[in-house]
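For reference, the chains in residue letters:
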Amino acid sequence: VSGDGVPNFLAMLKEYGISTAKGMVTESDSNYAAPNSSLLLYPDVKSMSLTTGISDRPSIIVPQAQGMISGGNDSMMYSDIITSSATSNLIDPVSGSEVSMASGMPSAQSYVLGTEVATDGENNNMVVLASTYMMINDVESVAPGQNTRLFANILDAFSKNEGGTISIASKNYSYSTLQFTSKAALIYGLFWGIALPLILIVVGIVIWVLRRRK
């Protein structure tokens, strides 16, 4: 999903009942954002066939996501794949300011970051993801195999509609990168940077005092 530069695409999404906001999703909840970046999102991953083999947060990473809301067409069926937190907001990508409710969408709510749309309740017609950056190398290096697994599951689902199966098996010979949310990084940083040194200092003083008394 992109901005106003693709009016025909946005019009098609509207026909399928998917509204797009004029802003990028940002997280104030540190459990849903990567350290030092409120635009690098760790979304809620819904349990469904398209998320088979994918762990819960932090796993899939969605950078610079455009806010979406699904369910605008009663003749369609929607299965949201990944969503932001209930306290996520929208910001203008140019000015960096918060998008007001005058834009047509509330500025604080859970936004759809990926959804599956079906017209007959059985076969997939379309899967829409909120960011075009989910498969770039830098993102994949932070969440090794997670975004790739999602795309593989999507391709497999559509191929089964046509009577085939896609299998993308790969061997990862590089070391996996540990993933931490902003909250987890803060807690670990306080422990290793402050609590642990203080504990070692106290233990050292106790040992010194005990030795002095001997």
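Residues numbered from 1 in each chain as written. Predicted model: local features only at pLDDT ≥ 70, side-chain atom pairs only at ≥ 80, totals over all residues. Heavy atoms only, no water.

Asks: Help me understand the environment of Ala157, please; the structure alone is not making it clear to me.
Replies: Structurally, the position occupied by Ala157 is in helix α3 (residues 146-161). Sequence spacing of Ala157 and Ser49 is 108 residues, and the spatial spacing of their C-alpha atoms is 8.4 Å. (Helix = DSSP H or I, 4+ residues; strand = E, 2+ residues; numbered from the N terminus.)

Asks: What should I look at first to understand a nonpolar patch on the surface in this one?
Replies: Together, Ile187, Tyr188, Phe191, Trp192, Ile199, Val203 and Ile207 give the surface a local cluster of nonpolar side chains, amounting to about 700 Å² of exposed area. By the secondary structure assignment, Ile187 is in helix α4 (residues 182-213). Owing to a relative accessible area of 48%, Ile187 belongs among the partly exposed residues under this scheme. (Patch = residues over 30% accessible without salt bridge, like charges linked within 9 Å, V, L, I, M, F, W, Y side chains within 5 Å. Areas by Shrake-Rupley, 256 points an atom, 1.4 Å probe, with all protein chains shown as cover. Salt bridge = Lys/Arg side-chain N within 4 Å of Asp/Glu carboxyl O. Buried < 20%, exposed > 50% of the residue type's maximum accessible area, 1.4 Å probe, protein only.)

Asks: I keep staring at the nonpolar core and nothing clicks. Help me out?
Replies: What tends to happen in soluble globular proteins is that the nonpolar side chains get buried as a cluster. Residues Ile18, Ile60, Val62, Ile82, Leu113, Met134 and Leu150 are the most contacted members of the largest nonpolar core, which totals 31 residues. Every element with two or more residues in this core is listed here: α1 (7-15), β1 (19-26), β7 (77-83), β9 (112-118), β10 (126-129) and α3. Among residues more than four places away in sequence, those in contact with Ile82 are Pro43, Asp44, Val45, Ile60, Val62, Val112, Leu113, Gly114 and Met134. In terms of nonpolar packing, the next biggest core, distinct from the first, is built from five residues, Ala34, Ile61, Val139 and Ala143 among them. (Core = buried A, V, L, I, M, F, W, Y, C linked by side-chain atoms within 4.5 Å. Contact = heavy atoms within 4.5 Å.)

Asks: For this particular structure, what's the right way to read the pairing of β1?
Replies: Regular strands place side chains that alternate from one sheet face to the opposite one. Note: β1 against strand β6 (residues 66-69), three bridges, orientation antiparallel. Residue pairing in the sheet places Met24 in a bridge with Gln66 of β6. Here β1 pairs with strand β8 (residues 89-91) via three bridges, running antiparallel. Counterpart to Val25 in the pairing with β8 is Leu90. (Pairing = 2+ DSSP bridges.)

Asks: Teacher, can you tell me more about the environment of Lys46 here?
Replies: Within the secondary structure layout, Lys46 lies in the loop between β4 (44-45) and β5 (62-63). Given the relative accessible area of 33%, Lys46 is considered partly exposed. Between the C-alpha atom of Lys46 and that of Asp56, which follows or precedes it by ten residues, the distance is 8.3 Å.

Asks: What exactly am I supposed to notice about the pairing of β9 here?
Replies: Within β9, seven of the seven residues are buried, which leaves the element mostly enclosed by the surrounding structure. Here six bridges tie β7 to β9, and the two strands are oriented antiparallel to one another. Pairing of Ile82 across the sheet is with Gly114, part of β9. By the bridge criterion, four bridges tie β9 to β10 in an arrangement that is antiparallel. Paired with Thr115 across the strands is Val128, a residue of β10.

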